[in-house]
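Okay, here's what each chain looks like letter by letter:
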There are 4 protein chains.
Amino acid sequence: MKREFIRKRLYEIIFESDTRAGKIFDVVLLCVILLSVILVMLESVVEYKQGYTGLFNVLEWLITCVFSFEYLVRIWVVNRPARYLMSFYGLIDLFSLLPSFLGLFWIGSHSLLVIRALRLLRVFRILKLNRYTKAGQMLTHAMWQSREKISVFLIFVVTLAIIIGTAMYLIEGEVNGFTSIPKSIYWAIVTLTTVGYGDLSPQTAMGQFLSSVVMIMGYAIIAVPTGIVTSAIITERNTRNTQVCPHCLFDRHDDDALYCKRCGGLLNEFE
Amino acid sequence: MKREFIRKRLYEIIFESDTRAGKIFDVVLLCVILLSVILVMLESVVEYKQGYTGLFNVLEWLITCVFSFEYLVRIWVVNRPARYLMSFYGLIDLFSLLPSFLGLFWIGSHSLLVIRALRLLRVFRILKLNRYTKAGQMLTHAMWQSREKISVFLIFVVTLAIIIGTAMYLIEGEVNGFTSIPKSIYWAIVTLTTVGYGDLSPQTAMGQFLSSVVMIMGYAIIAVPTGIVTSAIITERNTRNTQVCPHCLFDRHDDDALYCKRCGGLLNEFE
Amino acid sequence: MKREFIRKRLYEIIFESDTRAGKIFDVVLLCVILLSVILVMLESVVEYKQGYTGLFNVLEWLITCVFSFEYLVRIWVVNRPARYLMSFYGLIDLFSLLPSFLGLFWIGSHSLLVIRALRLLRVFRILKLNRYTKAGQMLTHAMWQSREKISVFLIFVVTLAIIIGTAMYLIEGEVNGFTSIPKSIYWAIVTLTTVGYGDLSPQTAMGQFLSSVVMIMGYAIIAVPTGIVTSAIITERNTRNTQVCPHCLFDRHDDDALYCKRCGGLLNEFE
Amino acid sequence: MKREFIRKRLYEIIFESDTRAGKIFDVVLLCVILLSVILVMLESVVEYKQGYTGLFNVLEWLITCVFSFEYLVRIWVVNRPARYLMSFYGLIDLFSLLPSFLGLFWIGSHSLLVIRALRLLRVFRILKLNRYTKAGQMLTHAMWQSREKISVFLIFVVTLAIIIGTAMYLIEGEVNGFTSIPKSIYWAIVTLTTVGYGDLSPQTAMGQFLSSVVMIMGYAIIAVPTGIVTSAIITERNTRNTQVCPHCLFDRHDDDALYCKRCGGLLNEFE
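Residues numbered from 1 in each chain as written. Chains lettered and ligands numbered in written order. Predicted model: local features only at pLDDT ≥ 70, side-chain atom pairs only at ≥ 80, totals over all residues. Heavy atoms only, no water.

Chain A carries the name Voltage-gated potassium channel in an unreviewed UniProt entry, which gives Breznakibacter xylanolyticus as its organism.

Right, here's the structure in full:
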């Protein structure tokens with residue numbers, strides 16, 4: 001009985017975040033994840049790596065133990081372990097554990113780091129925090145609603161980048177650093193997105209003229225995704241958090257609606 | 001009879017995309033086009049070009065055969081061949097074939113590449129895919145509606161770039177790389193569009209002060225096209241697919257409305 | 001009589017653009033202005049300057065003659081010459097003439113170019129073209145409506161740039177190129193506006209961290225002017241081109257207004 | 001009596017800005033603050049520092065005297081001095097005075113400058129100017145309303161930057177300048193925000209491909225904060241200063257509406 005009670009209680013703490021204990025668990029876990037991420041980062045800086053090898057190893061194994069323990073508890077606590085193991089966060093939890101254990105058998109610090117970086121993905125758990133869920137859902141929904149328009153836009157931009165890149169390859173040529181079409185397309189994307197590293201830049205008068213036209217065009221182009229997303233967010237905002245129809249329970253009415261647009265019933269009958 | 005039937009059938013497959021076969025044809029053609037584009041790209045990379053000359057030639061001729069065959073079938077199948085030949089996509093189809101055949105008589109790989117790049121234009125066929133047509137039309141219409149405002153804006157920006165460029169040419173002079181007014185205008189456009197390569201950058205205190213003012217101004221300027229396009233997209237979204245309530249004549253309903261949100265009457269009573 | 005008639009006719013052609021002749025005059029004048037601007041530009045390119053000195057001089061004097069003749073006709077034709085002479089376009093017309101005449105007495109090609117560049121300002125006449133006037137007015141009005149918000153925003157950005165610039169001067173120091181506070185402020189503006197030349201870039205770990213924070217902040221900051229201008233343009237669009245109240249002739253109603261918001265009269269009484 | 005009257009009068013002048021004298025005081029104080037800021041800036045330029053040491057010292061002490069006098073008067077005049085001393089502006093006023101006095105005992109011009117830079121914070125007083133207060137409040141309120149969405153977005157961007165940075169560190173490696181993960185994250189932020197200094201840029205084909213994907217993604221990403229802020233500003237504009245029609249209870253009137261646009265009833269009947 002008691003074991004079952006503990007299991008239920010732990011499930012509430014680990015997987016849900018309604019209770020006080022659940023919230024504390026979420027925040028503590030997040031801190032450990034952030035710590036492990038900062039650890040991976042600092043370990044890549046040569047000076048720190050050489051100066052504090054011992055400290056890094058201790059912390060590394062401490063975090064691995066915490067994560068392993070948490071992973072086993074999650075499997076024990078959940079009703080359908082197989083489903084958790086195969087879920088998005090389940091796989092990430094697994095992949096963030098593997099590198100440390102692999103390191104026992106496999107020597108080679110750099111290759112190890114490569115797979116250890118997967119632990120970074122755990123950071124996304126931060127988005128499960130309660131206070132951000134609603135705002136996040138709203139943004140995700142707005143982006144999802146405009147997926148077709150964004151797709152068309154991205155296809156158009158990539159096609160444009162290919163054409164402009166090829167043109168610049170022919171105009172500037174290999175002498176000025178545009179050594180191949182893929183590299184010229186890279187330049188075109190760097191320019192169209194207004195990043196502008198300057199590792200490649202047009203040298204000929206003709207190339208500079210074409211670039212100017214591309215940049216001026218980029219002005220209008222960069223406005224399009226902004227317009228799409230803004231329009232989606234405004235629509236999203238207008239159609240959410242509104243009243244529920246007392247007749248058909250439909251809940252996505254405009255702010256100024258008097259009657260339900262789905263069943264025609266009066267909305268604020270009892271007010 | 002049968003020949004005529006095949007012609008009709010082929011027309012449906014090649015030019016329309018309502019049938020299953022038509023959709024498959026569109027996707028297959030698009031893959032071949034993308035393959036040919038990737039081929040042109042890779043061929044421009046010196047290492048690949050030298051290592052796989054044979055493979056490139058074989059694939060090149062294979063794609064040319066497919067495109068030639070498709071081109072001939074299109075001419076045979078269409079009712080008014082002359083009209084197709086002179087249409088936008090007809091001319092692109094022709095221009096994407098010519099280079100390979102010209103290559104038989106004319107030696108010189110680089111000049112060949114120049115015209116072969118025209119094949120890239122075929123990529124725009126991707127926009128004829130059914131699922132993107134609606135979103136694409138909507139964006140095109142929104143841009144078209146705001147063409148006058150965008151024109152005024154672009155004229156203003158170009159004029160501004162000319163004036164700023166000339167001012168910087170006088171301030172910085174040839175010593176700091178601003179060797180001519182056109183080059184200074186190129187710098188002004190690079191700055192106003194926030195690309196900022198850094199191949200040219202102000203060196204004198206006066207030049208850096210003017211640049212700072214230009215960049216701060218650019219803040220407000222970059223907001224204008226975004227405002228224009230966003231406003232057009234929102235208006236577009238609001239004014240499309242609307243229906244008028246037959247009871248109270250209110251006409252600003254959402255796309256998914258069944259009943260009038262103002263009077264509660266059924267919207268599509270007579271349909 | 002006849003002289004007076006010619007004067008009136010010329011006034012219509014030169015100052016107004018309702019008649020056919022007036023429109024042609026506007027376009028021709030604009031072409032000459034653009035030609036003169038291109039001339040100034042090309043003359044600054046050393047190769048062209050040396051190769052075509054003769055041609056440049058001839059064209060230069062031809063354009064000066066056209067502008068002088070136009071200037072004198074404008075003075076003769078206008079009712080209150082003094083008012084024209086002191087007006088914005090009148091002064092620009094004068095300043096664009098002076099340099100060429102000054103060149104007769106004053107030798108020194110570069111200093112000459114400095115003042116000849118004033119001719120560029122005539123390009124703004126392009127905005128007087130009829131078809132752009134309406135869209136231009138609309139944009140100008142939208143910007144004017146949001147002048148206070150934009151001012152607050154610019155003051156905030158400049159203050160922020162001063163603080164960030166000073167901080168970076170203290171962090172990076174003169175060794176890494178941040179030789180003075182004004183130069184560091186220039187860097188801060190280059191960064192906040194996402195131009196990013198790269199002539200100055202943080203070298204220390206601390207500086208790169210602060211830069212990252214500044215850039216992430218710049219994300220939210222660049223959204224503000226866009227929001228202000230977009231909101232103004234949408235409001236502008238909604239309140240224009242709408243119906244006139246038949247009772248009080250007020251003409252700025254929303255699209256969905258049934259009654260005049262100024263006098264309360266029914267709007268579409270006679271429809 | 002008279003002393004108390006002077007105190008009250010001075011309080012009105014210094015702390016309020018309704019009276020004519022109060023406005024003049026605000027503007028004069030702001031000019032002195034700006035002067036002191038410009039002084040700190042110019043003093044950091046080596047040439048000026050060496051050429052005008054005497055002048056800088058005199059002006060420095062003059063401004064310090066003015067600020068000290070103002071600070072003492074503020075303390076004398078205010079009702080609860082302790083509260084002012086601990087307030088945001090009170091602390092800034094104190095910190096902007098300390099450096100000059102510390103300089104008497106502590107020699108070392110550069111360290112001095114470090115703390116003197118705190119005086120810059122006084123510039124924020126500019127936002128207390130009456131004419132900007134309303135627009136500023138509106139913008140601040142709009143930003144505050146969207147704080148959750150902006151937080152989610154920033155968390156997402158930082159997480160993305162960490163993942164992309166780690167990936168680039170593994171792809172490009174230390175040979176191409178990506179010497180550590182923190183530095184690679186710095187590069188990722190420089191790229192995602194479209195700043196693009198170019199001090200670090202991808203050299204390998206794989207790195208350039210990933211960068212291109214990141215930049216294209218950055219297109220959609222930069223649209224999100226703009227969408228959030230624009231939506232907030234539009235909502236802000238729509239929901240402020242609204243009034244409810246006493247006849248039909250419709251509540252979405254423009255700021256300048258006198259009559260209800262829905263039923264034609266007088267809006268402010270009972271005011």
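*Asks:* Before we move on, could you go through the overall build of chain A and cite the residues and values that matter?
*Replies:* A count of helical and extended segments in chain A gives 11 helices and zero strands. Listed N to C, the secondary structure of chain A is α-α-α-α-α-α-α-α-α-α-α in terms of helices and strands. Counting all 271 residues of chain A, 48% fall into the buried class. Summarising the internal contacts of chain A: among those between residues at least 6 apart in sequence, 51% fall at separations of at least 24. Of the roughly 13,400 Å² of accessible surface on chain A, 67% is carried by carbon and sulfur atoms. (Helix = DSSP H or I, 4+ residues; strand = E, 2+ residues; numbered from the N terminus. Buried < 20%, exposed > 50% of the residue type's maximum accessible area, 1.4 Å probe, protein only. Contact = heavy atoms within 4.5 Å. Areas by Shrake-Rupley, 256 points an atom, 1.4 Å probe, with all protein chains shown as cover.)

*Asks:* If you had to explain the packing of helix α1 (residues 2-15) of chain A against helix α2 (residues 20-43) of chain A to someone new, which residues and values would you point to?
*Replies:* Residues and elements named next belong to chain A. Here α1 crosses α2 at 50°, and the two axes come no closer than 7 Å. Taken together, the axes of α1 and α2 are oblique relative to one another. Relative to α2, the crossing made by α1 is right-handed. Across from Arg-9, Glu-12, Ile-13 and Ile-14 in α1, the residues of α2 making contact are Ala-21, Gly-22, Phe-25 and Asp-26. Looking at the contact of α1 with α2 residue by residue, the classes come out as four nonpolar, one polar and three charged. (Axes fitted to C-alpha atoms, helices over the stretch in contact; angles between N-to-C directions. Parallel < 35°, antiparallel > 145°, perpendicular 65-115°, else oblique. Left-handed = near helix turned anticlockwise from the far one by under 90°. Nonpolar A, V, L, I, M, F, W, Y, C, P; charged D, E, K, R; others polar.)

*Asks:* Help me get a handle on the interface of chain D and chain A, residues and values and all.
*Replies:* The interface of chain D with chain A comprises 46 residues on the first partner and 49 residues on the second. Surface buried jointly by chain D and chain A totals about 4,200 Å² across both partners, of which 76% is contributed by carbon and sulfur atoms. At the surface where chain D touches chain A, the tally comes to zero salt bridges. Remark: the boundary between chain D and chain A carries four residue pairs in polar contact (both at pLDDT 80 or more). Contributing elements (two or more residues each) for the side of chain D that touches chain A: α9 (147-172), α10 (181-192) and α11 (205-239) of chain D. With 17 residues, the top contributor of residues to the side of chain D that touches chain A is α11 of chain D. (Buried area = accessible area lost by both parts, 1.4 Å probe. Salt bridge = Lys/Arg side-chain N within 4 Å of Asp/Glu carboxyl O. Polar contact = N/O pair within 3.5 Å; in protein donor to acceptor, adjacent residues only side chain to side chain.)

*Asks:* Just give me the short version of the UniProt feature "transmembrane region" (unreviewed entry) in chain A, but keep the residues and values in it.
*Replies:* Residue and element names in this part refer to chain A. Here the UniProt feature "transmembrane region" (unreviewed entry) sits at residues 21-42, 54-73, 85-107, 113-129, 150-171 and 209-234. The distance separating the terminal C-alpha atoms of residues 150-171 is 31 Å; by composition the span is 100% helix and 0% strand. Taken as a whole, residues 209-234 contains 100% helix and 0% strand, while its terminal C-alpha atoms sit 38 Å from one another. (UniProt positions renumbered as here; feature names shortened; annotations may be inferred.)

*Asks:* Account for helix α4 (residues 53-77) of chain C, naming residues and giving values.
*Replies:* Between its first and last C-alpha, α4 of chain C extends 36 Å over 25 residues, near the 36 Å set by a 1.5 Å rise per residue. Those residues of α4 of chain C that fall on the buried side of the exposure criterion are Phe-56, Glu-60, Ile-63, Thr-64, Phe-67, Ser-68, Glu-70, Tyr-71, Val-73, Arg-74 and Val-77 of chain C. (Expected span 1.5 Å × (residues − 1).)

*Asks:* Lay out the relation of the copies chain D and chain A with the relevant residues and their values.
*Replies:* Each copy of the sequence occupies a distinct position, and chain D is placed on chain A by a rotation of 90° and an axial shift of 0.2 Å, giving an RMSD of 1.1 Å. The superposition of one copy onto the other is thereby described by a four-fold rotation axis. (Least-squares fit on C-alpha atoms with pLDDT ≥ 70 in both.)

*Asks:* An account of the pattern of salt bridges is requested, with residue identities and associated values reported.
*Replies:* Applying the stated criterion to the full structure yields 16 salt bridges over all chains. A salt bridge links Glu-12 of chain A to Arg-9 of chain A; the nearest nitrogen and oxygen atoms lie 3.8 Å apart. Taken as a pair, Glu-12 of chain A and Arg-9 of chain A lie in helix α1 at a separation of three residues, close to a single helical turn. Given the relative accessible area of 31%, Glu-12 of chain A is considered partly exposed. As a salt-bridge pair, Glu-4 of chain C and Arg-7 of chain C come within 3.1 Å of each other at their nearest N and O atoms. Pair noted here: Glu-4 of chain C and Arg-7 of chain C are both in helix α1 (residues 2-15), with a separation of three residues, about one helical turn. Relative accessible area serves as the criterion here: at 17%, Arg-7 of chain C is assigned to the buried category. Here the salt bridges do not stand alone but share partners, grouping Glu-70, Arg-74 and Asp-93 of chain A into one network.

*Asks:* Tell me about empty space enclosed by the protein, and please be specific about residues and values.
*Replies:* Taken as a whole and judged by the stated rule, the model has one cavity of 30 Å³ or more. Volume-wise, the largest cavity comes out at about 170 Å³. Contributing to the lining of the largest cavity are Thr-194, Ile-222 and Thr-226 of chain A, Thr-194, Ile-222 and Thr-226 of chain B, Thr-194, Ile-222 and Thr-226 of chain C together with Thr-194, Ile-222 and Thr-226 of chain D. Broken down by secondary-structure element, the contributors of at least two residues to the lining of the largest cavity are α11 (205-239) of chain A, α12 (205-239) of chain B, α11 (205-239) of chain C together with α11 of chain D. A per-class count over the lining of the largest cavity returns four nonpolar, eight polar and no charged. (1 Å grid on protein atoms, 1.4 Å probe; cavity = no way out; pocket = protein on both sides within 12 Å on 5 of 7 lines; lining within 4 Å. Points joined across faces, edges and corners; volume = space filled by probe spheres on them.)

*Asks:* Run through helix α10 (residues 181-192) of chain A, naming residues and quoting values.
*Replies:* Residue and element names in this part refer to chain A. Its 12 residues place the ends of α10 16 Å apart at the C-alpha level, agreeing with the 16 Å of an ideal helix rising 1.5 Å per residue. For α10, a buried count of 10 out of 12 residues is recorded, marking the element as mostly surrounded by other parts of the structure. Burial in α10 covers these residues: Ile-181, Ser-184, Ile-185, Tyr-186, Trp-187, Ala-188, Ile-189, Val-190, Thr-191 and Leu-192. Just downstream of α10, Thr-194 is the residue with a positive phi angle, here 60°.

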